[in-house]
Amino acid sequence: MRKDVTPNRSNKSDNYKTVKPAKQSNPMKKFGLSLLGGVLGGALVVGGYVTYDNLTSPTSSQPTQSITQPVKDGKTKVANVKMDVNTDVTKAVEKMDNAVVSVTTLQKKNSQLSQLEQFFGQSKEGASDSSKDELQEAGEGSGVIYRKEGNKAYVVTNNHVVQGADAVKIMFNNGENIPAKIVGTDAYSDLAVLEIDSKEVTTVAEFADSNAVKVGEPALAMGSPLGSTFANSVSQGIVSAKDRMITNKNEDNQTININAIQTDAAINPGNSGGALVNLSGQVIGINSSKIAATGNGVSAEGMGFAIPSNDVVNIINQLEKDGKVIRPMLGITMLDLSSVSIEDQTNVLKIDPEKIHGGVVVGSVEKDSPAEKAGINKFSVITKIEGKDIQNVTDLQTQLYNKKVGDKMEIEYYQDGKKKETTVKLDKDTSQLEKQLKQNQNNDSQP
C-alpha cells in the first residue's frame, strides 16, 4: 500500500490535507506513468495515503547556564557562575548559521484573481490597475548560501518554495532582507537556485559526500520552521535511513521518484529548502518533506526527508549553467509487473509468474523514441538494466536518471515469453518543450 504525502510550500500557504488514491483501473488497458518528463511538486507517495507536512522542535543549542545556591539566611540567590557550553553541535551550528537564510515569496494581487476575472480583464471590486500589480507575501521557506563569486552569491532552496512566485527575497541571520533572482528550477528534484548580491554574504556552506553518511550519525535540521518569525532554528536528530525512495506526484499528477535521506530531526513547514547538517558543519542534504499522518488517522513522528547533497550538487550545477536540467528518456509508459494479475501475466504477457517475480511492463512506446529504436514494444517486460534487477518503476527510473543524454544502457526484457537483450542510446527528454508548445497552441486558438 502506498502513502500519499503533499509537500507544503510554507507556513503561510500550507494546506494540510489528505490525498486519496485515485480509483484503480485495469492496468493492462491504461498505464499511468510516463518517463517523458520529470517534474515534482504535489503529493509525496511512500505507501496508503497520508497527511503530509513539510519540514520543528526546540533549538538544540544550549544557553548559558546559571546555578542557584542556598545562603545561610535561608534565601536563595543567583550565583555569578557561568558555564561556557562548547560541543560538536554548537560548533557545527556556528559554522553554518550565517549560510542558512529565510526565503520569502511574493505574488501579485492580480494572480489571486479568479480565472473568469482574468479572462475578461476584470479586477476585484475596488482594485485599481496599480494595486493589482502590488506584491504581497505568499509563502516562506528556507535556503542555503553555497557559493560566492564576485558581486554575486547563490542560494539553493526547494522548487516548491519558489514555485509560482512573482518575486523572491531572502533574510539573513542578522535580519536584513534583500531581493533574490530565480536562476533556475527543477520540479523533478524539487530544487531551485537563487542569485543574490554578495555584499552581505559572510559565510557559504560546504557540501559533504552524502554517500559517506552513516545511518545513526547525528543530524541537525537548520532553517525557518513556520517562517521567518522562527528563523535560525536548529533541531537535532539522527540519520534514520539512506536511499529511501520517496514517490511524489507532480502538477500533471505524474508519479515521480526521489532518492532521499530520512531523518528524525524535527522538520516543519518553513524548513523546506533548509540544511540537514552533520557534526562537521557540512550540508548532507536539503530538507524537503515529511510524513505527518497516514490516511487512516495513524500519526507519524520523526519522518523527515532530505535530498542528498551529492544529488543537490549535480542539480544546482546544471541549474546555474542552463537554468534547467536536461534528462534522458526512454519514451515509454509503464507499470509495475506486480500490479498485473497472474492471469494477464500468463495469457497476455506470456511469462511464467513462478520464474519472473519483478519487472516493469511497457504500456506504449513513442514513435522514433530510444525504446522503439532498440526493439522494445508494447507488453515488453523489462527485468534488468545494466545487469541489475528491476523490480518496479522506481528501480527503472533510478537507473535511467543516473545516465546522461547520449549514454548507452543495456536492457534485458521479455517479449512474448522470450528473453531478449538490447542496447538503448538515450535521447533527451522533450516533454517540457512539448508541453510548452501545446500551451502556446491553446493560447493562439483562443478567440
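Residues numbered from 1 in each chain as written. Predicted model: local features only at pLDDT ≥ 70, side-chain atom pairs only at ≥ 80, totals over all residues. Heavy atoms only, no water.

- An unreviewed UniProt entry annotates the chain as PDZ domain-containing protein of Vagococcus silagei.

### Notes on the sheet that holds strand β7 (residues 100–108)
Then, number 1: With antiparallel pairing, the six strands of this closed barrel are ordered in space as β7-β8-β9-β12-β11-β10. Neighbour-to-neighbour, the strand axes of the sheet open up by a mean angle of 40 degrees, direction not taken into account.
Then, number 2: Across nine bridges, the pairing between β7 and strand β8 (residues 135–149) is antiparallel. Following the sheet pairing, V100 is matched in β8 by V144.
Then, number 3: Relative to strand β12 (residues 191–197), helix α5 (residues 309–322) is tilted by about 60 degrees, and along the sheet it contacts β8, β9 (152–157), β11 (177–186) and β12. (Pairing = 2+ DSSP bridges. Helix = DSSP H or I, 4+ residues; strand = E, 2+ residues; numbered from the N terminus. Axes fitted to C-alpha atoms, helices over the stretch in contact; angles between N-to-C directions. Contact = heavy atoms within 4.5 Å.)

### Thoughts on the environment of A300
Then, number 1: Structurally, A300 is set in the loop between β17 (283–294) and β18 (304–308).
Then, number 2: Since its relative accessible area comes to 12%, A300 is described here as buried.
Then, number 3: Sequence-wise, A300 and K290 are 10 residues apart; in three dimensions their C-alpha atoms are separated by 9.2 Å.
Then, number 4: Here A300 is in contact with I291, A292 and A293, once residues within four sequence places are set aside. (Buried < 20%, exposed > 50% of the residue type's maximum accessible area, 1.4 Å probe, protein only.)

### Notes on helix α1 (residues 88–96)
Then, number 1: Among all positions in α1, only V89, T90, A92, V93 and M96 are buried. The buried residues of α1 occupy one face: seen down the axis, they fall within an arc of 160 degrees.
Then, number 2: The backbone nitrogen of V89 has a side-chain oxygen 3.2 Å away, supplied by the residue at the start of α1, namely T87. (Arc of directions from axis to C-beta. Polar contact = N/O pair within 3.5 Å; in protein donor to acceptor, adjacent residues only side chain to side chain.)

### Focus on the pattern of salt bridges
Then, number 1: The tally for this structure, following the rule as stated, stands at six salt bridges.
Then, number 2: Across the salt bridge formed by K403 and E386, the nearest N and O atoms sit 3.3 Å from each other. Of the two residues, K403 is situated in the loop between α8 (393–400) and β24 (408–415) and E386 in the loop between β22 (381–385) and β23 (388–389); the sequence distance between them amounts to 17 residues.
Then, number 3: Its relative accessible area of 35% is what places E386 among the partly exposed residues.
Then, number 4: Salt bridges sharing partners connect three or more residues here, namely R147, E149 and E320. (Salt bridge = Lys/Arg side-chain N within 4 Å of Asp/Glu carboxyl O.)

### Details of unusual backbone geometry
Then, number 1: Phi is positive for K350, close to 60 degrees, though the residue is something other than glycine.
Then, number 2: You can see K350 is positioned in the loop between α6 (342–347) and β21 (360–365).
Then, number 3: By relative accessible area, which is 46% here, K350 ends up partly exposed.
Then, number 4: Positive phi values are uncommon outside glycine, yet F379 reaches one of about 75 degrees.
Then, number 5: By the secondary structure assignment, F379 is in the loop between α7 (370–373) and β22.
Then, number 6: The exposure class of F379 is partly exposed, given its relative accessible area of 22%.

### Let's talk about the confidence of the model for the chain
In low-pLDDT segments, the atomic positions of the prediction should not be examined closely.
Then, number 1: Summary statistics for the chain give a mean pLDDT of 79 and a share of 70% for residues scoring 70 or more.
Then, number 2: In this model residues 1–27 is a low-confidence stretch, pLDDT under 50, and it forms 104 contacts with partners more than four residues away in sequence or in other chains.
Then, number 3: Long-range and interchain partners of residues 29–71, a stretch whose pLDDT sits below 50, account for 205 contacts in this model, where long-range means more than four residues apart. (pLDDT = per-residue confidence, 0-100.)

### Considering the packing of aromatic side chains
A ring pair, where both rings are aromatic, is described by two values, the distance of the centres and the angle of the planes.
Then, number 1: Here the structure, examined in full by the defined rule, presents three aromatic pairs.
Then, number 2: Relative to F207, the ring of Y146 lies with its centre 6.2 Å away and its plane at 55 degrees, an arrangement referred to as tilted. Taken together, the positions of Y146 in strand β8 and F207 in the loop between β12 and β13 (218–223) put the pair 61 residues apart, joining distant regions of the chain.
Then, number 3: In this structure an aromatic cluster arises from ring pairing among Y146, Y154 and F207. (Phe/Tyr/Trp six-rings, centres within 6.5 Å; stacked < 30°, edge-to-face > 60°.)

### Digging into the side chain of Q282
Then, number 1: Among the secondary structure elements, Q282 is positioned in the loop between β16 (275–277) and β17.
Then, number 2: Reaching out from Q282, the side chain makes a polar contact with the side chain of E206 at a distance of 2.9 Å.
Then, number 3: Ignoring any residue separated from it by four or fewer positions in sequence, one finds Q282 in contact with K95, E206, A208, L276 and V277.

### Considering the layout of surface pockets
By rolling a water-sized probe across the atoms, one finds the places where empty space is left.
Then, number 1: What the second largest pocket holds in volume is close to 830 Å³.
Then, number 2: Sorting the residues of the lining of the second largest pocket by element identifies β14 (233–249), β15 (255–263), β18, α5 and α8 as the ones contributing at least two each.
Then, number 3: In the lining of the second largest pocket, the residues fall into 13 nonpolar, 11 polar and six charged.
Then, number 4: Two domains each provide a minimum of three residues to the lining of the second largest pocket, namely domain 1 (88–107 + 135–322) and domain 2 (332–444). (1 Å grid on protein atoms, 1.4 Å probe; cavity = no way out; pocket = protein on both sides within 12 Å on 5 of 7 lines; lining within 4 Å. Points joined across faces, edges and corners; volume = space filled by probe spheres on them. Nonpolar A, V, L, I, M, F, W, Y, C, P; charged D, E, K, R; others polar. Domains from an automatic or database assignment.)

### Remarks on α8
Then, number 1: Here α8 lies mainly inside the structure; six of its eight residues are buried.
Then, number 2: Along α8, the positions that sit buried rather than exposed are V393, T394, L396, Q397, Q399 and L400.
Then, number 3: Put simply, N392 is the residue that caps the front of α8, since its side-chain oxygen is 3.0 Å from the backbone nitrogen of D395.

### Some words on the pairing of β13
Then, number 1: In terms of burial, β13 is largely enclosed, as five of its six residues are buried.
Then, number 2: Taken together, the three bridges between β13 and β16 define a ladder with antiparallel strand orientation. Residue pairing across strands places A221 opposite L276, the latter belonging to β16.

### A few points about the environment of A241
Then, number 1: Its place among the elements puts A241 in strand β14.
Then, number 2: Beyond its immediate stretch of four places on either side in the chain, A241 contacts V215, A260, I261 and Q262.

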